[in-house]
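# Per-entry structural report
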Amino acid sequence: MQTPSTPSVQTGFTLLELLVVVVLIAVMAGALVLSVQGGSSARTVDTELERVRLVVEALCDRSMLETRYLGLGLSQTQYVGYEIGASGDWQPIQREGLFKRHVLPGGLALSLVGEEAPALRPSLPDQPQLLCAPDGLPNPFVLALTAGSGTQTLRAELRRDGTGEWRRETTP
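Now for a description of the structure that goes with this document. Fair warning: this is a prediction, and the values are worked out from it, not measured in the lab.

Thresholds applied
- Residues numbered from 1 in each chain as written.
- Predicted model: local features only at pLDDT ≥ 70, side-chain atom pairs only at ≥ 80, totals over all residues.
- Heavy atoms only, no water.
- Salt bridge = Lys/Arg side-chain N within 4 Å of Asp/Glu carboxyl O.
- Buried < 20%, exposed > 50% of the residue type's maximum accessible area, 1.4 Å probe, protein only.
- Helix = DSSP H or I, 4+ residues; strand = E, 2+ residues; numbered from the N terminus.
- Core = buried A, V, L, I, M, F, W, Y, C linked by side-chain atoms within 4.5 Å.
- Contact = heavy atoms within 4.5 Å.
- Disulfide = S-S within 2.5 Å.

Scanning the entire structure with this criterion turns up six salt bridges. Across the salt bridge formed by arginine 68 and glutamate 66, the nearest N and O atoms sit 2.6 Å from each other. Here glutamate 66 falls in the partly exposed class, since its relative accessible area comes to 35%. Glutamate 83 is the salt-bridge partner of arginine 68, the closest N and O atoms lying 3.0 Å from each other. One end of the pair, arginine 68, is in the loop between α2 (41-66) and β1 (70-74); the other, glutamate 83, is in strand β2 (residues 78-84), with 15 residues separating them in the sequence.

The following block contains the structure:
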């Protein structure tokens, strides 16, 4: 007499189950890496350069409309719009969003480029380095925004030559 065989109990995982787990781990690791890095450094630099350009243009437009001097003060990691206050001293603009103090994302650093360009300090200055005259044009400048450290540095420059033309140059 044969005894009915008892169903065998599987122990372990099938190859398909293991493959699904490996794929899920890879996807989650990729998402983690992207969120930690904050995306592409080049894209971040481009976004921040475009923001600085828009702030300078808006300051100069406002300077022309109000027929008064306005400026942009820069430090190594932040910038803010300046106006001449009631006391006759330069003061940071507090009331408007675009001209308020803007801190750069981590890993980015500003610098002014040129033989006579002042070195930027870690803190904001008492007066602006870039001026917008009532004619609507800023003083000529070259602003460099650097991302990374060591040998992996992306440097992009925003140039304003006094003729109203903007030029962007990227150096890997």
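This next bit is on the nonpolar core. Grouped together as the largest cluster of nonpolar side chains are 24 residues, with contacts concentrated most on Leu59, Leu72, Leu74, Tyr79, Leu110, Leu143 and Leu145. Elements that contribute at least two residues to this core include exactly α2, β1, β5 (108-112), β6 (130-132) and β7 (141-149). Contacts of leucine 110, omitting those with residues within four sequence positions, involve Leu74, Ser75, Gln76, Gln78, Tyr79, Leu104, Leu120, Leu143, Ala144 and Leu145.

The next thing to look at is the state of the cysteines. Applying the stated criterion across every chain, the model contains one disulfide. Paired by a disulfide, cysteine 60 and cysteine 132 hold their sulfur atoms 2.2 Å apart. With the S-S bond torsion at -65°, the cross-link from cysteine 60 to cysteine 132 turns out left-handed. In this pair, cysteine 60 sits in helix α2 while cysteine 132 sits in strand β6, placing the two residues 72 residues apart along the sequence. Classification of cysteine 132 as buried rests on a relative accessible area of 3%.

Let us look at unusual backbone geometry. Positioned with a positive phi, threonine 67 is a non-glycine residue whose angle comes to about 45°. As for its position among the elements, threonine 67 is in the loop between α2 and β1.

Within the secondary structure, serine 75 sits in the loop between β1 and β2. On the accessibility criterion, serine 75 (0% relative accessible area) is buried. With sequence-adjacent residues up to four places away left out, serine 75 is seen in contact with Leu110, Leu120, Arg121, Pro122, Ser123 and Leu124.

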